[in-house]
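Architecture at a glance
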Amino acid sequence: MCGIFAYLNYNVHRDRRFILQVLFNGLRRLEYRGYDSAGISVDSSPFYSQFSSDLNNAHSVPPPPPLVFRQAGNIDSLVKSVHSEVETINLNLEEQFSVHAGIAHTRWATHGEPAPRNSHPQTSGPENEFLVVHNGIVTNYEVLKETLVRHGFVFESDTDTEVIPKLAKFIFDNATEGGQAVTFSQVVLEVMRHLEGAYALIFKSRHYPNELIACKRGSPLILGVKDLAEPTCNGSAAFNDDKFLSKNGHPKELFLSSDANAVVEHTKKALVIEDGEVVHIKDGAVSILKFDKEKGKSCGSLSRPASVQRALSILEMEVEQINKGNYEHYMQKEIHEQPESLTTTMRGRLIRRTSSKDKTLLLGGLKDHLKTIRRSRRIVFVGCGTSYNAALAARPILEELSGVPVTMEIASDLLDRQGPIYREDTAVFVSQSGETADTLHALEYALENGALCTGITNTVGSAIARNTHCGIHINAGAEIGVASTKAYTSQIVVMVMMALAIGGDSISHQRRREAIIDGLFDLPNKVREVLKLDQEMKDLAELLIAEQSLLVFGRGYNYATALEGALKVKEVALMHSEGLLAGEMKHGPLALVDENLPIVVIATRDACFSKQQSVIQQLHARKGRLIVMCSKGDAQSVCPGDSCRVIEVPHVEDCLQPVINIIPLQLLAYHLTVLRGYNCDQPRNLAKSVTTE
């Protein structure tokens, strides 16, 4: 949560207007990560890099303080505020910079209400000597704050972040007290030694003009590199202090971001920064240091660790993936992209050879561990929110084909209970971003207990992808809307394929396997068919626009559909909705039923169909206001006497039916949100990637 972005141009002339526009656009690409307030910082005047070496002298005079602009509200509110302030202070937007480092932030509030004083960049004081943008939470900020207050620092915000720039100033002042020179990286490394919690940070300082430092622990951060001289090195070239991205004088543009979305429109050359790495950008060069908290203590303060050699990779994302195209909203676009996203998820994994009967399943990320998984004492799925629901939808088929007991864990609850995880377990961690804080902590817990850990994520190079023993990328493409749609259906498909791989090719399951594989091949076409219900779901949304509550009943494979459909409605339409297990209806929820409360019952053809018919009859007997989702051709058998509204969907293999059944509910949630006047892409109080507990 929160989006951080930085742009540094080196030996390429850019005016202040251009720099501001790059920072604003970067924030717009990250706005799904937080949108209650935002801020940027740019220099008040040019300060050319050839003079920066003079600042190694502690008595040198630093350049004027950088400018800081902060505003509550979305990015557009910040843009209007900046332009208004620029006119007030008569700032020259055409002023040229051959070297300039700017930072920006869009916030999802954790400490302190959305307000300019709580927005980032947070500052060390009135002179803006040190500025910081931050994604994450500093868990020991209260202790640090008490210490800094005793040393005369005055705090203006309610944030945990403010301790970071003030701590940097405190360290800098103490280190330079006797006229001693100290580097920017030494200051930041010492700051890191005092911080506890999860964070991604970018530092800017008037004492170190035209320099930026980025570091992280637990929160995502990437570096994008655009060398305007077009050097001959390719995407796999390694670099360190002396070789790649050295002081060669090439004009460059460098980008730091919480997400590749904000970088890909500028360059595809990128580096995923790993936990404990400190990236120092200075004079067009990039150095990477590895922070070791314990080693830092033993070596004494302001020590400098050795540089680390890393490699740039090539982003596979296309700019078109992060644009809305002809759609009004990202959520709408991503719902309608599902035939293509599912095809991409299965591409190269499901292979149909020349004979139609010759079908092969290949999951390269699991193949070396399948025997271990089959011998597991149990398979434990761990996730949060939509990812948990996707795993729940896949649990029955995994149990059926593998014969291994499958349990479900909400990540935060597993940690709260310190639930038992054994060496004989396979723990599967499901997360779209691969950076979900609760799921990451649960992964650490499972690794400590010796379990085989498998990851299912949508983000190559994410923390879960890097730290698990094996895994599968869902390859659903960039998902910008906060409420997950296409990632959910791709997660289900990946876990069905995982069940097929673990189950192997035993003769007892051969017919079932072939039916599922045929269903997977045809699934994108079935999704296209169900998307034709768009107008029908809009009409239904118009009938429900004034309702305050909605119940969704499901069972078997579609208990997860009930949970996920209700979650979509509450997430974006801000309407109370509950997904309920239909088998529990008579154990409490039946008391809510009357002629006014709308109730969705999922009753498609599967092993639970007759039981759902009974549920419908019981709800009808109590004058329930029913909306029934059924397989095509079943309207008469599920809706006695035209007493309810029916949504007919294509019939597919039972383990794939949740993929089909969720789409009308996604469409319903989308249209309800738009009709009620809310922002479906940026729902109230929510952010896409939950990187804090």
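Keep in mind the model is a prediction, meaning the values are calculated, not measured. (Residues numbered from 1 in each chain as written. Predicted model: local features only at pLDDT ≥ 70, side-chain atom pairs only at ≥ 80, totals over all residues. Heavy atoms only, no water.)

1. Description of the overall build of the protein chain
Threshold: Helix and strand definitions follow DSSP, with helices as H or I runs of at least four residues and strands as E runs of at least two, each counted in order from the N terminus. Just to be clear, the radius of gyration here is over C-alpha atoms, and the globule rule we use is 2.2 Å times residues to the power 0.38. Residue burial is assigned from relative accessible area. The probe radius is 1.4 Å, only protein chains are included, and a residue is buried under 20% of its type maximum, exposed over 50%, and partly exposed in between. Here a residue-residue contact requires only that any non-hydrogen atoms of the pair lie within 4.5 Å.
Tallying secondary structure elements over the protein chain gives 20 helices and 28 strands in all. Against the 2.2 N^0.38 benchmark of 26 Å for 693 residues, the protein chain shows a C-alpha radius of gyration of 27 Å, consistent with a compact globule. Across its three principal axes, the protein chain shows a C-alpha extent of roughly 85 × 55 × 50 Å. Of all 693 residues assigned to the protein chain, the portion counted as buried reaches 60%. For the protein chain, restricting intrachain contacts to residue pairs at least 6 apart in sequence, the fraction spanning at least 24 positions comes to 76%.

2. Focus: the UniProt feature "domain: SIS" (unreviewed entry) in the protein chain
Which entries qualify depends on this criterion: UniProt positions are given in the numbering used here, feature names are shortened, and annotations may be inferred rather than shown by experiment.
When the UniProt feature table is mapped to this numbering, "domain: SIS" (unreviewed entry) covers residues 369-509 and 540-683. Within residues 369-509, the helical portion is 46% and the strand portion 20%, while the C-alpha atoms at the span's ends are 21 Å from each other.

3. Section: the pattern of salt bridges
Rules: A side-chain nitrogen of Lys or Arg and a carboxyl oxygen of Asp or Glu constitute a salt bridge if their distance falls within 4 Å.
Evaluated as defined, the whole model comprises 30 salt bridges. Between Arg16 and Glu95 there is a salt bridge, with the nearest N and O atoms lying 3.0 Å from each other. In this pair, Arg16 sits in helix H1 (residues 16-30) while Glu95 sits in the loop between helix H2 (75-89) and strand E4 (96-107), placing the two residues 79 residues apart along the sequence. Taking the relative accessible area as the measure of exposure, Arg16 reaches 1% and is therefore buried.

4. Description of the state of the cysteines
We apply this condition: Two cysteine sulfur atoms make up a disulfide if the distance between them is within 2.5 Å.
Applying the stated criterion across every chain, the model contains one disulfide. Each sulfur in the disulfide pair Cys639 and Cys644 lies 2.4 Å from the other. Exposure class is identical for Cys639 and Cys644. Each is buried. Of the cysteine sulfurs around Cys608, a residue in no disulfide, the closest is that of Cys655, at 14 Å. Cys630 takes part in no disulfide bond, and the closest cysteine sulfur to it belongs to Cys639, at a distance of 8.4 Å. With relative accessibility at 0%, the residue Cys630 sits in the buried group.

5. Some details on the domain arrangement of the protein chain
Formally: Note that domain bounds follow an automatic or database assignment of domains. For any pair of parts, buried area is found by adding up, for both, the accessible area (1.4 Å probe) each one loses once the two are put together. Here a polar contact is recorded for every N or O atom pair within 3.5 Å, except that within protein the pair must consist of a potential hydrogen donor and a potential acceptor, and residues adjacent in sequence are included only if both atoms are side-chain atoms.
Domain assignment breaks the protein chain into domain 1 (3-47 + 59-231 + 238-319), domain 2 (324-505) and domain 3 (532-685). Measuring from the centre of the C-alpha atoms in domain 1 to the corresponding centre in domain 2 gives 34 Å. In this complex, domain 1 contributes twelve residues to the contact, which on the side of domain 2 involves eight residues. Summing both partners gives a buried area of about 700 Å² for domain 1 against domain 2, and 56% of it is carried by carbon and sulfur. Ranking the residues of domain 1 by area buried against domain 2 places Tyr32, Pro220 and Val272 at the top, with a combined share of 43%. The tally of links between domain 1 and domain 2 comes to zero salt bridges. If you look at where domain 1 meets domain 2, you find zero residue pairs in polar contact (both at pLDDT 80 or more).

6. Comments concerning the side chain of Thr561
By the element assignment, Thr561 lies in helix H17 (residues 559-572). Beyond its immediate stretch of four places on either side in the chain, Thr561 contacts Tyr488, Ile602, Pro658, Asn661, Ile662 and Leu665.

7. Examining the environment of Leu362
Along the chain, Leu362 falls in the loop between strand E18 (359-361) and helix H9 (370-374). Looking at Leu362, the relative accessible area reads 42%, which means it is partly exposed. Each C-alpha atom of the pair Leu362 and Leu350 lies 6.6 Å from the other, and the pair is twelve residues apart in sequence. With residues up to four places along the chain from it excluded, the contact list for Leu362 reads Gly348 and Arg349.

8. Overview of the sheet that holds strand E12 (residues 269-272)
Basically, it comes down to this: Strand pairing is defined by DSSP finding a minimum of two bridges between the two strands. Angles run from 0 to 180 degrees between N-to-C directions of axes, and those axes are lines fitted to C-alpha atoms, restricted for helices to the stretch in contact.
Strands sit in the order E3-E2-E4-E1-E11-E9-E12-E16 across an open sheet of eight strands; the sheet is antiparallel. In this open sheet, the two edge strands, each paired with only one partner strand, are strand E3 (67-72) and strand E16 (313-314). Direction of pairing for strand E1 (residues 3-15) relative to strand E11 (residues 252-257): antiparallel, over a ladder of six bridges. What sits directly across from Leu8, in E11, is Leu254. Packing against the sheet, H2 makes contact with strand E2 (37-42), E3 and E4, and its axis sits at approximately 135° to E3.

9. Description of the pairing of strand E13 (residues 277-282)
For E13, the tally of buried residues reaches five of six residues, placing the bulk of the element in the interior. Pairing of strand E8 (residues 212-217) with E13, which is carried by four bridges, proceeds in the antiparallel orientation. Residue pairing for E13: Ala214 is matched across the bridge by Val279. Of the pairings in the sheet, the one linking E13 to strand E14 (residues 285-290) comprises six bridges and is antiparallel in character. Each bridged residue has a counterpart across the sheet, and for Lys282 the counterpart in E14 is Ala285. Hairpin geometry of E13 and E14 is characterised by an intervening segment of two residues between the two adjacent antiparallel strands and by a positive phi of about 50° at Asp283.

10. Here we look at H2
Worth spelling out the cut-off: What a helix is expected to span follows from its residue count: subtract one and scale by 1.5 Å. An arc is given here, and it is the one of the directions from the helix axis to the C-beta atoms.
With 15 residues, H2 extends 21 Å from end C-alpha to end C-alpha; this agrees with the ideal 21 Å at 1.5 Å per step. Ile75, Leu78, Val79, Ser81, Val82 and Val86 are the residues of H2 that are buried. Angular distribution of buried residues about the axis of H2 spans 165°; they occupy a single face of the element. Of the residues in H2, the exposed ones pointing more than 90 degrees away from the buried face are Lys80, Glu87 and Thr88. The inward-facing, buried residues of H2 contact H1, E2, E3 and E4. Downstream of H2 by one or two residues, Asn90 has phi in the positive range, about 55°.

11. Describing the sheet that holds strand E5 (residues 122-123)
Here six strands make up an open sheet; going across it, the order is E5-E6-E7-E8-E13-E14 and the pairing antiparallel. Edge strands, defined here as strands with exactly one partner in the open sheet, are E5 and E14.

12. Brief notes about the packing of aromatic side chains
The test is simple: Planes of paired rings set the category: under 30 degrees apart is stacked, over 60 is edge-to-face and the rest tilted, where pairs are Phe, Tyr or Trp rings (Trp by its six-membered ring) whose centres lie within 6.5 Å. Criterion for a charge above a ring: Arg CZ or Lys NZ at most 6 Å from the ring centre, at most 35 degrees from the ring normal.
Under the counting rule described, the total for this entry stands at eight aromatic pairs. Seen from their ring centres, Phe5 and Phe255 are 6.5 Å apart, and the 35° between their planes marks the pair as tilted. Within this pair, whereas Phe5 is found in strand E1, its partner Phe255 is found in strand E11, the two being separated by 250 residues in sequence. Residue Phe5 shares its accessibility class with Phe255, and that shared class is buried. Of the aromatic side chains, those joined through ring pairs into one cluster are Phe5, Tyr7, Phe18 and Phe255. Sitting over the ring of Phe18, Arg14 keeps its end group 4.4 Å from the ring centre. A cation over a ring is seen here: Lys166 above Phe155, with NZ or CZ 5.2 Å from the ring centre.

13. What about the side chain of Asn9?
With respect to the helices, strands and loops of the structure, Asn9 is situated in strand E1. A distance of 3.2 Å separates the side chain of Asn9 from the backbone oxygen of Phe97, its partner in a polar contact. Residues in contact with Asn9, not counting those within four places in the same chain, are Arg14, Ile19, Phe97, Ser98, Val99, His100, Lys252 and Glu253.

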